[in-house]
Amino acid sequence: LVVGTDVLFAPSLVIPLLHSASMLTKQSGTCMLCMQIRCKDSHALFLNKVHEYFDSFCDISESVYDNEGCAWG
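From a predicted model like this one, the values you see are computed outputs, not experimental measurements.

J.: What's the story with the nonpolar core in this structure? I'm lost.
T.: It is characteristic of soluble globular proteins that their nonpolar side chains tend to be buried jointly. Counting 7 residues, the largest nonpolar core consists of L8, V14, L18, A21, F46, V50 and F54. Residue assignment for this core shows that the elements contributing at least two residues are α1 (14-24) and α2 (40-53). Here this core gets 3 residues from one element, more than from any other, and that element is α1. F54 has contacts with L18, A21, S22, T25 and C31, leaving out every residue within four places of it along the chain.

Here it is in structure tokens:
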């Protein structure tokens, strides 16, 4: 299991992140990342490249954007 938060902040680190996470979970692992958009270029690159490293990807962003009672949601 690989868990990460706030890991996308520089485009130059997106591919190394994807490569490392995919290698660590290759056999039967799971990678879960919680990301707030800190760098639009990094986020866009991640979404563009994630399918090259993982067979399955689920983006649940839309379901957590409008979280009443939470100033961050």
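Moving on from the model shown.
J.: In this structure, what is going on with α1? I would like to understand it.
T.: Residue pairs spaced three or four apart in an α-helix point in one direction, given the helix's 3.6 residues per turn. By the burial criterion, the buried members of α1 are V14, L18, A21 and S22. Taken around the axis of α1, the buried residues stretch over an arc of 100°, which confines them to a single face. Tucked into the core, α1 has its buried residues touching β2 (31-34) and α2.

J.: Please explain the pairing of strand β1 (residues 2-5) as it appears in this structure.
T.: Remark: a regular strand shows side chains that alternate across the two faces of the sheet. Only one face of β1 is covered, namely the face carrying V2 and G4; the face carrying V3 and T5 is uncovered. Pairing analysis gives 4 bridges linking β1 to β2, with the strands arranged parallel. Paired with V2 across the bridge in β2 is C31. Each parallel crossover has a hand, and the one from β1 via α1 to β2 is right-handed.

J.: Can you help me understand the packing of α1 against α2 in this one?
T.: Helix-helix packing is described using two parameters, namely the angle between the two axes and the distance between the axes. Running from N to C, α1 and α2 cross one another at 35°; their axes reach a closest spacing of 9 Å. Of the two elements, α1 crosses α2, and the hand of that crossing is right-handed. Of the residues in α2, those in contact with V14, I15, L18, H19 and S22 of α1 are S42, L45, F46, K49, V50 and Y53. Tallied by class, residues from the contact of α1 with α2 come to 7 nonpolar, 3 polar and 1 charged.

Parameters and conventions
- The residue numbers shown here count from 1 along each chain, following its written sequence.
- Only residues with pLDDT of 70 or above have their local features reported here, since the model is predicted, and side-chain atom pairs are shown and tallied only from 80 upward, although totals for entire chains, interfaces and linings are computed over all residues.
- By convention in this description, side-chain values take in all heavy atoms of the structure and omit both hydrogens and water.
- Here, nonpolar core means buried Ala, Val, Leu, Ile, Met, Phe, Trp, Tyr and Cys residues that are tied together by side-chain atoms lying within 4.5 Å of each other.
- The cut-offs for exposure are 20% and 50% of the maximum accessible area for each residue type, with area from a 1.4 Å probe on protein chains only; residues under the lower value are buried, those over the upper are exposed, and the others partly exposed.
- Secondary structure follows DSSP: runs of H or I at least 4 residues long count as helices, runs of E at least 2 residues long count as strands, and numbering of each begins at the N terminus.
- Here a residue-residue contact requires only that any non-hydrogen atoms of the pair lie within 4.5 Å.
- Throughout, the arc means the angular range of directions from the helix axis out to the C-beta atoms.
- Note on pairing: DSSP must find at least two bridges between two strands before they are called paired.
- If you view a crossover with the strands going away from you and the path from the first strand over the helix to the second runs clockwise, you call it right-handed.
- Only C-alpha atoms enter the line fits that serve as axes; for helices the fit covers just the stretch in contact. Angles between N-to-C directions range over 0 to 180 degrees.
- Two helices crossing with the near one rotated counterclockwise from the far one by less than a right angle form a left-handed crossing, whereas a clockwise rotation gives a right-handed crossing.
- All residues other than Ala, Val, Leu, Ile, Met, Phe, Trp, Tyr, Cys, Pro, Asp, Glu, Lys and Arg, Gly among them, are scored as polar; the first ten of these are nonpolar and the last four charged.

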